[in-house]
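Breakdown of the fold
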Number of protein chains: 2
Amino acid sequence: MKIAILGYGTVGSGVYDIITNGKPQELKKIEVKRVFARSRDKMPLATDDINEIINDGEILVVVECLGGINPAYEFIKKSLENKKHVVTANKAVAAKYLDEFVELAEKNGVKFIFEASVGGGIPWLVNLERTRRVDEVKRVYGIFNGTSNFILDNMYRNNEEFESTLKTAQDLGYAEADPSADVDGGDVVNKIILSNALAFDIHVDPDFPTYSMRNITKNDIDYLKQYDLAVKYIGETNVVDGKYETSVMLSIFGKESQEAAVPLNNNIITLDGSFIGELKFYGQGAGKLPTGNAIVQDIVDISEGASRVDVVINNNLTYTEELTRRNYLVRSSVKLTGNLIESIEEYKGNFYIKTKEISLKQLSRLVNDVKEQDSKYVVAKFHK
Amino acid sequence: MKIAILGYGTVGSGVYDIITNGKPQELKKIEVKRVFARSRDKMPLATDDINEIINDGEILVVVECLGGINPAYEFIKKSLENKKHVVTANKAVAAKYLDEFVELAEKNGVKFIFEASVGGGIPWLVNLERTRRVDEVKRVYGIFNGTSNFILDNMYRNNEEFESTLKTAQDLGYAEADPSADVDGGDVVNKIILSNALAFDIHVDPDFPTYSMRNITKNDIDYLKQYDLAVKYIGETNVVDGKYETSVMLSIFGKESQEAAVPLNNNIITLDGSFIGELKFYGQGAGKLPTGNAIVQDIVDISEGASRVDVVINNNLTYTEELTRRNYLVRSSVKLTGNLIESIEEYKGNFYIKTKEISLKQLSRLVNDVKEQDSKYVVAKFHK
């Protein structure tokens, strides 16, 4: 089976290396015919003319590793319209145009699959699909972003500040020069949108509660450590009785939990099924070979004609911000009062304000009050 | 697709309940026609004549939930010979007769699959199979037995002794009246044999180093706690350059590891792949609905014609006990000496003897010396 790879950066070259150097027999059936890239210096198969790929009837699968929205969107669309299967690791374009891609793929009798876009090398989406053949999923949550985990883990274990840790992450190549996607939530938002699609058949806009982790300090970590607690950056969706609720924010776990034990830039993602209970999947959520591996798994599924469950978007669930009630922790220089507050503790010049069990909607109002007076506030959920 | 369930105990009734009460569409295509059980009181489909099942041409899948070797062995064999797919959760019979069942299934053009036999509800074997389509697995290890984990976790968190904890586990139904399979290694031995088959294409006899956890005491746990260490009961196989080494024994982990964080009767199982690195799978390793769920996944795979990888046993690897070198900890009333010993510490009347980095073969000689003088010794590996 002949394929083309769009992009020859970290992920694209990882896919190429695994297909050409991997030992399993399944890989021998796959041949990279073309690579969409600017220069032939490093890659003799390179072409900078996308039409040489789109119009090549021999190429059955287009593997999109460009990242970003443009030209990835156009290339994926054209590939599907030309009856080519598309495999991508591009969470941004997949999360934004999922329903369009799914519809186009169905219309043209091809597959649009995106295992590597969530959890990198972790076989998360395929297991989520598989679980749903037998069970109902009630909840998904997890550490979807390795950079934010690297930062929080380093702050926790090495008692460092956010800024110095971010610098380390940037020096190691884990974080971009502009870290916003990792620390303000954009990356996790895309990944929870894609997880929602496979877990609950919904394609949602990114306008659910999303709180940055940018203001977290060593002081905050120390405060939580006193109570044997650790904080992680979590995407989460809960479903009850036809309603769903999604959020991306810092969440507080006991230090003996699986989540607290996730080191460095690893990910852990959980599904909770009615029969199966909690299943957790842990591994490398990014990187050349792990991400490349997940992409090649998708390619092998197409090559072997494996029965992947088709993505169905029926949007049968109703959005709410009043589904779950949780205790939240707000750290601020402002001493909040009111009937949503359970307790306030002062620790090294800051107020640590624990709310009663309130809804995301109530939290949102509370945070709006804080924000006006203290832009450096932090908010975290007590995980339950 | 019509199926028969052999046995209507915990697992068999779980399978029946999921198929008849589960909501996913895939389940509607499956019909339980017969159940092999003694009494029709609880189960109107019951028959105590296995031939009514074996000779029924409508029944395409036989789901063996009897446990134990006999009559499970004969029933599986007859089912395969009668060209019926067989799904089982029975690790004992699968580990013992794997090559025979695999050969019989191939000869008769049917499947023999056993997802639920290792890790209960955790999709471990299917992900191991899947990983190998793209990657080479170098190592598998993990907490394969929930009862032993329940005991060690309770001893660690609640400072209890082995005997009182075992009693609690028995009262909760986690441990049998005779706990030997769980605490002396038999259960983990079967599960690592089955994991070895899928990870490395080998079907091995259960004569590799297996050390009981029966002698562990609160004192041992306390000793390790001083160093921020926890102990878990681990099955492990390593492969290097055409050689393999397997063991079942207590293993010592840092208290911040994923393994140390596994609570109650949960399991966590890890594979280490050349490209993918470590992937960990966590969940309920036993119980009516988790185990039933894994069995029903196998049934759905058959029903949907899913491309499960066929088990291949080529036994191309050579057995050795000299592949890895590790530090071990021996606790004994005997003060060992000799050139394999790195250090000895006395703690509350016992000697805690740390070996140099030695092979399993060297460990075996050392333990033989100890055993003669102190039958209550404990041995554990420092996990690396």
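Residues numbered from 1 in each chain as written. Chains lettered and ligands numbered in written order. Predicted model: local features only at pLDDT ≥ 70, side-chain atom pairs only at ≥ 80, totals over all residues. Heavy atoms only, no water.

A few points about the relation of the copies chain B and chain A
Each copy superposes on the other: chain B lies on chain A with an RMSD of 0.0 Å after a rotation of 180 degrees and an axial shift of 0.0 Å. On the angle and the small slide along the axis, the relation comes out as a two-fold axis. Ranked by how close their C-alpha atoms come to the rotation axis, the residues of chain B are headed by phenylalanine 281 of chain B, at 2.5 Å. Taken as a fraction of all interface residues of chain B, those also at the interface in chain A reach 100%, which identifies the copy contact as same-surface. (Least-squares fit on C-alpha atoms with pLDDT ≥ 70 in both. Contact = heavy atoms within 4.5 Å.)

Some details on the packing of helix H1 (residues 10–21) of chain B against helix H12 (residues 288–304) of chain B
Residue and element names in this part refer to chain B. In contact at an axis separation of 8 Å, H1 and H12 are set at 60 degrees when each is read in the N-to-C sense. Considering how the two elements wind past one another, H1 and H12 form a crossing that is right-handed. On the side of H1, the interface is formed by Thr10, Val11, Ser13, Gly14, Val15, Asp17, Ile18 and Ile19, while H12 contributes Lys288, Leu289, Thr291, Gly292, Asn293, Ile295, Val296 and Ile299. For the contact of H1 with H12, the class distribution of residues is 8 nonpolar, 6 polar and 2 charged. (Axes fitted to C-alpha atoms, helices over the stretch in contact; angles between N-to-C directions. Helix = DSSP H or I, 4+ residues; strand = E, 2+ residues; numbered from the N terminus. Left-handed = near helix turned anticlockwise from the far one by under 90°. Nonpolar A, V, L, I, M, F, W, Y, C, P; charged D, E, K, R; others polar.)

A word on the packing of aromatic side chains
Evaluation of the coordinates by the stated rule reveals 29 aromatic pairs over all chains. Relative to tyrosine 352 of chain B, the ring of tyrosine 223 of chain B has its centre 3.9 Å away and its plane inclined at 10 degrees; by these criteria the two rings are stacked. You can see tyrosine 223 of chain B sitting in helix H11 (residues 218–225) and its partner tyrosine 352 of chain B sitting in strand S15 (residues 350–355), a full 129 residues away along the chain. Each member of the pair, tyrosine 223 of chain B as well as tyrosine 352 of chain B, carries the same accessibility label: buried. Counting every residue linked through ring pairs, the aromatic cluster contains Tyr73, Tyr97, Phe101, Phe112 and Phe114 of chain A. When the ring centre of tyrosine 156 of chain B is taken as reference, the NZ or CZ atom of lysine 225 of chain B above it lies at 4.7 Å. Its guanidinium or amino end placed over the ring of tyrosine 282 of chain A, lysine 280 of chain B lies 5.9 Å from that ring's centre, counting from NZ or CZ. (Phe/Tyr/Trp six-rings, centres within 6.5 Å; stacked < 30°, edge-to-face > 60°. Buried < 20%, exposed > 50% of the residue type's maximum accessible area, 1.4 Å probe, protein only. Lys NZ or Arg CZ within 6 Å of the ring centre and 35° of its normal.)

Structural notes on the nonpolar core
Core analysis: the biggest nonpolar cluster contains 148 residues, and Phe112 and Trp124 of chain A together with Phe112 and Trp124 of chain B have the highest contact counts within it. Ignoring any residue separated from it by four or fewer positions in sequence, one finds phenylalanine 112 of chain B in contact with Ile76, Leu80, Val86, Thr88, Ala94, Leu98, Phe101 and Ala105 of chain B. (Core = buried A, V, L, I, M, F, W, Y, C linked by side-chain atoms within 4.5 Å.)

Describing unusual backbone geometry
Residues and elements named next belong to chain A. Residue proline 71 follows asparagine 70 across a cis peptide bond; omega there is 5 degrees. As for its position among the elements, proline 71 is in the loop between strand S4 (59–64) and helix H4 (72–81). For aspartate 228, which is not a glycine, the phi torsion comes out positive at approximately 60 degrees. Relative to the helices and strands, aspartate 228 resides in the loop between helix H11 (218–225) and strand S8 (229–240). Residue leucine 264 is not a glycine yet carries a positive backbone phi of 55 degrees. Within the secondary structure, leucine 264 sits in the loop between strand S9 (243–254) and strand S10 (266–273).

Here we look at the interface of chain B and chain A
With 46 residues of chain B at the contact, the number on the chain A side is 47 residues. Contact with chain A buries area across many residues of chain B, yet Arg133, Val134 and Phe275 of chain B alone supply 18% of it, more than any other trio. Where chain B packs against chain A, one counts 8 salt bridges. The closest approach of N and O atoms between arginine 157 of chain B and glutamate 256 of chain A, which form a salt bridge, is 3.1 Å. At the boundary of chain B and chain A, one finds 18 residue pairs in polar contact (both at pLDDT 80 or more). Those elements that provide at least two residues to the side of chain B that touches chain A are helix H2 (25–28), helix H6 (124–131), helix H7 (146–158), strand S11 (277–284) and H12 of chain B. (Buried area = accessible area lost by both parts, 1.4 Å probe. Salt bridge = Lys/Arg side-chain N within 4 Å of Asp/Glu carboxyl O. Polar contact = N/O pair within 3.5 Å; in protein donor to acceptor, adjacent residues only side chain to side chain.)

Description of the pattern of salt bridges
Oppositely charged side chains are able to pair whenever their charged atoms sit close together. Following the criterion strictly, the structure yields 54 salt bridges over all chains and no others. Note that lysine 280 of chain A and glutamate 278 of chain A form a salt bridge whose closest N and O atoms lie 3.6 Å from each other. Look at lysine 280 of chain A and you get buried, because its relative accessible area is 5%. On the basis of relative accessibility, which here comes to 27%, the residue glutamate 278 of chain A falls in the partly exposed class. For lysine 361 of chain B, the salt bridge goes to glutamate 322 of chain B, with nearest N and O atoms at 4.0 Å. With lysine 361 of chain B in helix H13 (residues 360–373) and glutamate 322 of chain B in the loop between strand S12 (318–319) and strand S13 (328–332), this pair connects stretches of sequence that are 39 residues apart. A relative accessible area of 35% means that lysine 361 of chain B is categorised as partly exposed. Among the charged side chains, a salt-bridge network with shared partners connects Lys2, Lys33, Asp56 and Glu58 of chain A.

Concerning helix H5 (residues 91–107) of chain B
All names here are of chain B. Taking 1.5 Å per residue as the helical rise, H5 with its 17 residues ought to reach 24 Å, and the 22 Å between its terminal C-alpha atoms agrees with that figure. For H5, the principal kink sits at tyrosine 97 and spans about 80 degrees. Residues Val93, Ala94, Ala95, Tyr97, Leu98, Phe101, Val102, Leu104 and Ala105 constitute the buried set of H5. Residues of H5 that are buried make contact with strand S4 (59–64), helix H4 (72–81), strand S6 (112–113) and helix H10 (186–200). Of the residues one or two after H5, glycine 109 is the one with positive phi, at around 65 degrees. (Expected span 1.5 Å × (residues − 1). Bend = angle between axes of the 7 residues up to and from the residue.)

Remarks on the side chain of asparagine 265 of chain A
Residues and elements named next belong to chain A. Relative to the helices and strands, asparagine 265 resides in the loop between S9 and S10. You can call asparagine 265 buried: its relative accessible area is 11%. If sequence neighbours within four positions are ignored, asparagine 265 has contacts with Gly146, Phe150, Tyr174, Gln284 and Gly285.

Remarks on the environment of glutamate 322 of chain A
Separated by 78 residues in sequence, glutamate 322 of chain A and tyrosine 244 of chain A have C-alpha atoms that sit 9.3 Å apart. Beyond its immediate stretch of four places on either side in the chain, glutamate 322 of chain A contacts Glu245, Ser359 and Lys361 of chain A.

Some details on the confidence of the model for chain A
Mean pLDDT for chain A: 96, with 100% of residues reaching 70 or above. For this predicted complex, the interface score ipTM comes out at 0.97, alongside a pTM of 0.97. (pLDDT = per-residue confidence, 0-100.)

Here we look at the sheet that holds strand S2 (residues 31–36) of chain A
Across a sheet, paired strands are connected by hydrogen bonds in the backbone, their directions being either parallel or antiparallel. All names here are of chain A. What the 6 strands build is an open sheet, ordered S3-S2-S1-S4-S5-S6; its pairing is parallel. At either margin of the open sheet sits one strand with a lone partner, and together these are strand S3 (46–47) and strand S6 (112–113). Here strand S1 (residues 2–6) runs beside S2; their pairing, made up of 5 bridges, is parallel. Note on S2: the bridge partner recorded for isoleucine 3 is valine 32. With respect to the sheet, helix H12 (residues 288–304) is in contact with S1, S4, strand S5 (85–88) and S6, its orientation differing from that of S5 by roughly 160 degrees. (Pairing = 2+ DSSP bridges.)

Some words on the pairing of strand S9 (residues 243–254) of chain B
All names here are of chain B. In terms of burial, S9 is largely enclosed, as 10 of its 12 residues are buried. The sheet contact formed by strand S8 (residues 229–240) and S9 spans 12 bridges and is antiparallel. Across the sheet, residue glutamate 236 finds its bridge partner in S9, namely serine 247. The antiparallel hairpin formed by S8 and S9 contains 2 residues in its connecting segment, where aspartate 241 sits at a positive phi of about 45 degrees. Pairing of S9 with S12, which is carried by 2 bridges, proceeds in the parallel orientation. Within the sheet, the bridge partner assigned to tyrosine 244 lies in S12 and is tyrosine 319. Examined bridge by bridge, S9 and strand S16 (residues 378–382) share 3 bridges and lie parallel to one another. Bridge pairing links serine 251 to lysine 381 in S16.

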